[in-house]
Amino acid sequence: MAETAASSSKTFAEKHAERMARLKQLHTQRNEARASNHQEVIAEHDRKMLPANWESRKRQAEWLIGDLKARKEAEQNGLDYNRVKMLNVSAAEADRIDKLKAKKRNADPGFSDYEAQTARQYNRLVKAMPARDLAKYEEQKEKYGDAFYGGPNVILQGLHKDTPAAIDNMVKDLEGQIAKRKKFSRRRTHNDDADIDYINEKNARFNKKLERFYGEHTAEIKQNLERGTAI
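All figures in this text were calculated on a predicted structure; none of them were measured in a lab.

A.B. asks: Give me the confidence of the model for the chain: which residues, what numbers.
C.D. replies: For the chain, the mean per-residue pLDDT works out to 81, and 90% of the residues sit at or above 70. When pLDDT is averaged over each element of the chain, helix H2 (residues 12-49) comes out on top at 87 and helix H1 (residues 2-9) at the bottom at 53.

Spelled out as structure tokens, the structure:
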């Protein structure tokens, strides 16, 4: 009642002044929101104008600046920067970095075509070759003469005789290829004594998945069904 009486006691001029003050406050808030939205639109437009990899380039630049700064500080203090940097690297991180470096050194993109596979096989065999014996090279060059370089009219049959060491290396390489082929084979052996609870290969794989995840929970039910004692 007191509040009603107080509000009714206000004059029209006081009420109008309050409304105008509130309206002015709303206008101010609207202008602030409009300016903030305009700034966000400009910032978003600037971000869209940047390259797609701007964030990664920025992080890389910041890392390079920090790394250069730390290197200079280590040199000023007479310390080995590589050792100082490794002190701050955990064993797991160091192992991950070593694996990445090894993967880059021995990159195997997998099978793409037979030409690329042949090239990888050739490069692997070239890397496995021993260092060239220049004295033996010159000796064979003098021994075979023009036949040393071969040609369309040169018969090489019987001129060269493989050494036992070369034959052993060939056999070793072939055995390694066979072992690797067996290792990566996905053929599964068939057990003739196993129960046949499938209608095709796809159903057999599905049943194996079910057995792997739910076998221990359904073993008793399966035994009751086989014995005919299930309720």
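A.B. asks: Any chance you could break down a positive patch on the surface for me, citing the residues and the numbers?
C.D. replies: On the surface, Lys-202, Arg-205, Lys-208, Lys-209 and Arg-212 cluster together to form a positively charged patch. Along the chain, Lys-208 turns up in helix H9 (residues 201-227). Judged by relative accessible area, which is 56%, Lys-208 ranks as exposed.

A.B. asks: Describe in detail the side chain of Asn-207, supporting the description with residues and values.
C.D. replies: When you line up the elements, Asn-207 lands in helix H9. Only 2.7 Å separates the side chain of Asn-207 from the backbone oxygen of Asp-197, close enough to count as a polar contact. Leaving out residues up to four positions away in the same chain, Asn-207 has contacts with Asp-197 and Tyr-198.

A.B. asks: With reference to specific residues and values, describe the pattern of salt bridges.
C.D. replies: Oppositely charged side chains are able to pair whenever their charged atoms sit close together. Counted under the stated rule, the structure contains 5 salt bridges. Two residues, Lys-48 and Glu-44, come together in a salt bridge whose shortest N-O distance is 3.8 Å. Of this pair, Lys-48 and Glu-44 are both found in helix H2, 4 residues apart, which corresponds to roughly one turn of the helix. Owing to a relative accessible area of 63%, Lys-48 belongs among the exposed residues under this scheme. By relative accessible area, which is 38% here, Glu-44 ends up partly exposed.

Reading the values: rules and limits
Residues numbered from 1 in each chain as written. Predicted model: local features only at pLDDT ≥ 70, side-chain atom pairs only at ≥ 80, totals over all residues. Heavy atoms only, no water. pLDDT = per-residue confidence, 0-100. Helix = DSSP H or I, 4+ residues; strand = E, 2+ residues; numbered from the N terminus. Patch = residues over 30% accessible without salt bridge, like charges linked within 9 Å, V, L, I, M, F, W, Y side chains within 5 Å. Areas by Shrake-Rupley, 256 points an atom, 1.4 Å probe, with all protein chains shown as cover. Salt bridge = Lys/Arg side-chain N within 4 Å of Asp/Glu carboxyl O. Lys, Arg positive; Asp, Glu negative; His and termini not counted. Charge placed at Lys NZ, Arg CZ, Asp CG, Glu CD. Buried < 20%, exposed > 50% of the residue type's maximum accessible area, 1.4 Å probe, protein only. Polar contact = N/O pair within 3.5 Å; in protein donor to acceptor, adjacent residues only side chain to side chain. Contact = heavy atoms within 4.5 Å.

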